[in-house]
Amino acid sequence: MSDKDSADVSRRKFLGFAGAATATAVAGCGGGGGTETGTDEPGGGTDEPTDEPTEPGETATERPEPETRDGYLQRANRVAHEQAPWVFLNRQYSVYGKSDDIEWQARADEFIDAYAITPANDDGDDVVINQSQMDSGLDPQDHRATPTDNIVMQAYEKLLDRDREGGILESLADDYSRQENGRVRFHIRDGVSFHSGDNLTPEDVAYSINRIVDPEVGIASPQQDQLAGVTGAEVVDGERAVDVMSSGLNPIVFSLFASYGPIMNKSWVQSNEGSYINQNMDGTGPFVLETYEQGVEVVFNRNDNYWKEAAEISTLTMRASSESSTRVNSLLSEESDIIVNVPPQEVSRVEQNDSSSIAAAPSTRVIFNAMRYDVEPFDSAEFRQAVNYAIDLESIVENVLSTFGDQTGQPTLDGYFGYNGDLDPYPYDPDQAETLVEESGYGGVEVELHTPVGRYLNDVQIAQAVAGYLDDLENVTASVNQRDFQALASEVTDGDIETSPHWYLLGWGNTTFDASQTLIPLLTSDGNLTSWSNEEFDRLVSEAQSLPSEE
């Protein structure tokens, strides 16, 4: 029996036979993912000097002011590590089940690009993808969830794109350049049409960008911070081009547009109500909406008038099952061709089936427990540190995730620009945790961890393990509240910290491979999804965003 056939398939064994796809995906998270960094190497020691770790409760170590953008981001990660606004958990691995009727490889950014699917036989011409959640509506600029992206971005496109390894590609823009600090220019590709037949124009592009960053243009888009620093866009007179303006340098602006910013048809949007836009599509992408049954199924046909070669598959159907066992059964019964989040205990069953296999990649998603700084007991740094000391993270990765994950000790993932290589995960030390709880003044407190069900790999099991470890302390009682993902996400992403649960499990995918796109939205005082406020952290991130990445 080969390793692949073994019933005891661990992640490390799996990665061994997953071959080039996984290796490439790891490379894609290595900081070279199409950012404008050029010469910088993440973790390059610009947070010098590398002092002895600070003791619990200490907030600062004497260090010289950083000189580079990388150094400021590393320092911001250090402050977050010391102040512990999160329970730092793990880097998620994307583990998919795949039918042998198709050829397809997993991407680091979790986008299931149906355009890249190739039929392996006649049965692979009509593809069904089964994920954990359906969309929250079809407006590509009015959501913040990967399952929705996986549906709407089959029909919509961006100015720039990324390859499977994370490198930047031209898309609806066929050229781009920096004009000056705070202004970049995109040349808009000619010969592109929307599914309605309207031609793509620079006016469509400028309107789409403004609809995201300016609440006065159509909607208050929850994607505004994805284009961080962008203040607006305007058509360039006499040219088929659009200028995008930013406040300040905006050092990773092209990387932002490679990951975010779907382009819409201005006249189609302006002539329809929001409810219509959320149930219909008019993109430029490789698939055209055929039918939409909200919460049940989305069916696409191939766009035979696509500006590139038409997709190789004829139809694409998107469905969802929140229960992982239901998704696995749909794959094994040949009702689905790709399923997401195969739990570790089901990997062997998928691999040993005659018509399916596993495709996996270390993802761009960090899993964490946010602790609101403005409510008791999480307003105490000592208490937040205690929660980190209380959990055995190594055991969670080993036993809950069967090693399909990596421990984290800071908000930024290893390999990203701004990652601080001097920071280790908190050690498992329940005695230290109990001491810190007493020092915080919250001994005897009861806390409840809100977690989605089935959105992330073994999310409920991770939450139960975290709460279990905390409950094992003599001076804390902890429990888990299982939540519908859409309901939980809507509370966290509405821009009002007071509507968020006090303590919640969430995952955050950052496809720019730059620390700022995790730190700014989730942890700065003004971040749209923030759970924390710290003046020194805000200052460090602000300084980083004023510097170029090239230096």
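Let us look at the structure shown here. (Residues numbered from 1 in each chain as written. Predicted model: local features only at pLDDT ≥ 70, side-chain atom pairs only at ≥ 80, totals over all residues. Heavy atoms only, no water.)

Counting its regular elements, the chain contains 17 helices and 19 strands. Within the span of the chain, comprising 551 residues, buried residues form 59% of the whole. Pairs at least 24 apart in sequence give 70% of the contacts found in the chain among residues at least 6 apart. For the chain, the accessible surface area stands at approximately 20500 Å², while carbon and sulfur atoms represent 40% of it. (Helix = DSSP H or I, 4+ residues; strand = E, 2+ residues; numbered from the N terminus. Buried < 20%, exposed > 50% of the residue type's maximum accessible area, 1.4 Å probe, protein only. Contact = heavy atoms within 4.5 Å. Areas by Shrake-Rupley, 256 points an atom, 1.4 Å probe, with all protein chains shown as cover.)

The grouping of Asp-122, Asp-123, Asp-126 and Glu-334 at the surface amounts to a negative patch. Looking at where Glu-334 falls in the secondary structure, it is placed in the loop between α9 (324–332) and β14 (338–339). Residue classification places Glu-334 among the exposed residues on the basis of a relative accessible area of 56%. (Patch = residues over 30% accessible without salt bridge, like charges linked within 9 Å, V, L, I, M, F, W, Y side chains within 5 Å. Salt bridge = Lys/Arg side-chain N within 4 Å of Asp/Glu carboxyl O. Lys, Arg positive; Asp, Glu negative; His and termini not counted. Charge placed at Lys NZ, Arg CZ, Asp CG, Glu CD.)

Bridge count for strand β11 (residues 287–293) against strand β12 (residues 297–302) is six bridges, and the pairing is antiparallel. Bridging across to β12, Leu-289 finds its partner in Phe-300. (Pairing = 2+ DSSP bridges.)

Note: strands within a sheet are paired through backbone hydrogen bonds, in either parallel or antiparallel orientation. Sheet architecture is open: four strands sit in the order β7-β8-β10-β9, paired in antiparallel fashion. A single partner strand is all that each edge strand has here, and the edge strands are β7 (173–180) and β9 (230–235). Neighbouring strand axes in the sheet, compared pairwise and without regard to direction, differ in orientation by 20° on average. In this sheet, strand β10 (residues 241–246) lies alongside β9 in antiparallel orientation, the contact comprising five bridges. Bridged to Val-230 within β10 is Ser-246. Across the sheet, helix α5 (residues 202–213) touches β8 (183–188), β9 and β10, and the angle it forms with β9 is around 160°. (Axes fitted to C-alpha atoms, helices over the stretch in contact; angles between N-to-C directions.)

Time to look at the side chain of Arg-327. Residue placement: Arg-327 occurs in helix α9. One buried charge, Arg-327, has no salt-bridge partner; the nearest side chain with opposite charge is Glu-323, at 7.5 Å. Of note is the side chain of Arg-327, whose polar atom sits 2.6 Å from the backbone oxygen of Ser-321. At a separation of 2.9 Å, a polar atom in the side chain of Arg-327 contacts the main-chain carbonyl oxygen of Val-340. (Polar contact = N/O pair within 3.5 Å; in protein donor to acceptor, adjacent residues only side chain to side chain.)

What follows is about the nonpolar core. Ranked by size, the top nonpolar core spans 84 residues in total, and within it Leu-89, Val-95, Phe-383, Val-447, Leu-470, Trp-503 and Phe-537 carry the most contacts. Counting residues in hydrophobic clusters, the runner-up holds 37 residues, among them Tyr-96, Phe-111, Phe-287 and Phe-300. (Core = buried A, V, L, I, M, F, W, Y, C linked by side-chain atoms within 4.5 Å.)

A complete count under the given rule lists 19 salt bridges for this structure. Arg-319 is the salt-bridge partner of Glu-297, the closest N and O atoms lying 2.8 Å from each other. In this pair, Glu-297 is assigned in strand β12 and Arg-319 in strand β13 (residues 315–320), connecting sequence segments 22 residues apart. Assessed through its relative accessible area of 22%, Glu-297 is described here as partly exposed. Arg-319 sits in the partly exposed class, given a relative accessible area of 32%. The shortest N-O distance in the salt bridge between Glu-491 and Arg-483 comes to 2.7 Å. Through salt bridges with shared partners, a single network forms among Glu-180, Arg-183, Arg-185, Glu-234, Glu-239 and Asp-243.

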